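In case you want the letters, here they are:
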Amino acid sequence: MALLTPEDLENINKQLQEADSSVRKVTGLDIKGICKDFYGTTPCCEKVGIVPVTSGNGIIGSFSASLHAITGYFGFDSFVTDMPDVSGYYEAVRNGAQIILMADDNTFLAHNLKNGKIANNQPCTGIIYAEIASRHLKADSKDVLAVGLGKVGFPGAAHFVHKGFRVYGYDADKALLEKTVSSLGIIPFDPDNHSDNFRKFSIIFEATPCANTIPESVISENCVISTPGIPCAISKELQKKYGVELIMEPLGIGTASMLYSVL
Ligand SMILES: NC(=O)C1=CN([C@@H]2O[C@H](COP(=O)(O)OP(=O)(O)OC[C@H]3O[C@@H](n4cnc5c(N)ncnc54)[C@H](O)[C@@H]3O)[C@@H](O)[C@H]2O)C=CC1
Ligand SMILES: NCCC[C@@H](N)C(=O)NCCCC[C@H](N)C(=O)O
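Predicted, not measured: the structure shown is a model, and the values here were computed from it. (Residues numbered from 1 in each chain as written. Chains lettered and ligands numbered in written order. Predicted model: local features only at pLDDT ≥ 70, side-chain atom pairs only at ≥ 80, totals over all residues. Heavy atoms only, no water.)

Comments concerning the site of ligand 1
Then comes step 1: Near ligand 1 you find 25 residues, and of these Lys151, Val152, Asp171, Ile230 and Glu249 are the closest.
Then comes step 2: Measuring from an oxygen atom of ligand 1, one finds a backbone N or O atom of Ile230 at 3.1 Å.
Then comes step 3: In the complex, the protein chains occlude 82% of the 850 Å² of accessible area that ligand 1 would expose alone.
Then comes step 4: For the shell around ligand 1, the residue count by class is 13 nonpolar, eight polar and four charged. (Near = heavy atom within 4 Å. Polar contact = N/O pair within 3.5 Å; in protein donor to acceptor, adjacent residues only side chain to side chain. Areas by Shrake-Rupley, 256 points an atom, 1.4 Å probe, with all protein chains shown as cover. Nonpolar A, V, L, I, M, F, W, Y, C, P; charged D, E, K, R; others polar.)

Some details on the packing of helix H5 (residues 121–134) against helix H9 (residues 252–262)
Then comes step 1: Interaxial distance between H5 and H9 falls to 8 Å at its minimum, and their mutual angle equals 105°. Of the possible angle classes, the one that applies to H5 and H9 is roughly perpendicular. Between H5 and H9, the contacting residues are Asn121, Cys124, Thr125, Ile128, Tyr129 and Ile132 on the first element and Ile253, Gly254, Thr255, Ser257, Met258 and Ser261 on the second.
Then comes step 2: Looking at the contact of H5 with H9 residue by residue, the class counts come to six nonpolar, six polar and no charged. (Axes fitted to C-alpha atoms, helices over the stretch in contact; angles between N-to-C directions. Helix = DSSP H or I, 4+ residues; strand = E, 2+ residues; numbered from the N terminus. Parallel < 35°, antiparallel > 145°, perpendicular 65-115°, else oblique. Contact = heavy atoms within 4.5 Å.)

Observations concerning the pattern of salt bridges
Then comes step 1: In total, this model carries eight salt bridges according to the counting rule given.
Then comes step 2: The salt bridge partner of Arg135 is Glu131, with a shortest N-O separation of 2.7 Å. Side by side, Arg135 and Glu131 carry an identical accessibility label, which is buried.
Then comes step 3: Between Arg199 and Asp143 there is a salt bridge, and its shortest N-O distance comes to 2.9 Å. On the criterion of sequence distance, the pair formed by Arg199 in the loop between strand E8 (187–188) and strand E9 (201–206) and Asp143 in strand E6 (residues 143–147) is long-range, its members being 56 residues apart. (Salt bridge = Lys/Arg side-chain N within 4 Å of Asp/Glu carboxyl O. Buried < 20%, exposed > 50% of the residue type's maximum accessible area, 1.4 Å probe, protein only.)

Some words on the packing of aromatic side chains
Then comes step 1: Enumeration according to the criterion identifies nine aromatic pairs in this entry.
Then comes step 2: When the centroid spacing of 5.0 Å and the interplanar angle of 80° are considered together, the rings of Tyr73 and Phe74 count as edge-to-face.
Then comes step 3: Aromatic pair Phe76 and Tyr260: ring centres 6.3 Å apart, planes at 85°, arrangement edge-to-face. Placement of Phe76 in the loop between helix H3 (63–73) and strand E2 (77–80) and of Tyr260 in helix H9 is noted, with a sequence separation of 184 residues between them.
Then comes step 4: Put simply, the rings of Phe160, Phe165 and Phe205 pair up and form one aromatic cluster.
Then comes step 5: Taking the ring centre of Phe165 as reference, the NZ or CZ of Lys142 above it sits at 4.1 Å. (Phe/Tyr/Trp six-rings, centres within 6.5 Å; stacked < 30°, edge-to-face > 60°. Lys NZ or Arg CZ within 6 Å of the ring centre and 35° of its normal.)

Overview of the site of ligand 2
Then comes step 1: Contacts to ligand 2 come from 15 residues, most closely from Leu4, Val53, Ile60, Ala103 and Pro250.
Then comes step 2: In the model, a nitrogen atom of ligand 2 is placed 3.0 Å from a nitrogen or oxygen of the Ala2 main chain.
Then comes step 3: Pro250 is positioned with one of its backbone polar atoms (N or O) 2.8 Å from a nitrogen atom of ligand 2.
Then comes step 4: Split into classes, the residues belonging to the shell around ligand 2 amount to twelve nonpolar, two polar and one charged.

Let's talk about the environment of Val23
Then comes step 1: Mapped onto the secondary structure, Val23 falls in helix H1 (residues 12–27).
Then comes step 2: In this structure Val23 comes out as buried when scored by relative accessible area, which is 0%.
Then comes step 3: Sequence spacing of Val23 and Leu246 is 223 residues, and the spatial spacing of their C-alpha atoms is 8.8 Å.

Put into structure tokens, the structure is as follows:
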């Protein structure tokens, strides 16, 4: 799995505020409002314990501090434990944490110790980015282009299908694309090679670890590109040229989705 870098997380508060402003422009609601409406939950002073984890590639410099800033932005009371790993988990519980946030190289979880609910960052991220894009006030149809159908992208594509959108999907892994076409009933669509099936989209969802995966030919004026994928799916030039509203942020929107889903 592509791991975050400290550079991805620089100025996380500014990144979150900018993303929130884009979400408001696209949907009329802020991220909090979307999460509240979608999950039907509201934070009520739950204490969040953030536990650094040293396994695998180890601690990512500003990951825990970023989670502390993010939980604060969404109105949660949180703390980062002094100790990592098992000792940190013990410390979090002993200090009254109701929700645990922790991540190794493969899984980033939120666990509510009071109601037993548990959330995984990858599906929670795909679903919330899809939910935001599905509420695009200026969408010109119910057609969606979904590029990248992995651990984040597949749940996102499935969410669009469940909400009644017509999903055109693409993944560089042909076997995965075939599996997704048959399991979700999406329409295979290679954005770089679609002469026989030319179309533009006002809603695009991208979840790949590659840059510039969305070519100019599929972008319509004032389209929304909702993309958890890191790095960015389109160039700044294309974003400016077509007035694209970009929903893109490295950690906070997915974390909010996890937290609201376990309340
Ligand atoms: N912003 C956020 O909050 C989060 C961002 N991410 C990021 O989302 C991205 C996807 O993460 P996962 O789904 O866990 O990875 P994954 O490896 O499970 O899925 C990525 C998929 O993209 C496909 N792909 C790669 N290059 C492609 C290309 N050029 N065109 C089309 N498809 C291509 C791969 O075949 C794969 O199926 C990563 O960059 C990850 O860092 C992950 C979690 C949260
Ligand atoms: N964007 C949200 C998904 C993050 C994920 N791609 C990742 O980098 N996971 C590794 C996190 C490792 C954290 C580390 N163990 C620590 O505790 O600092």
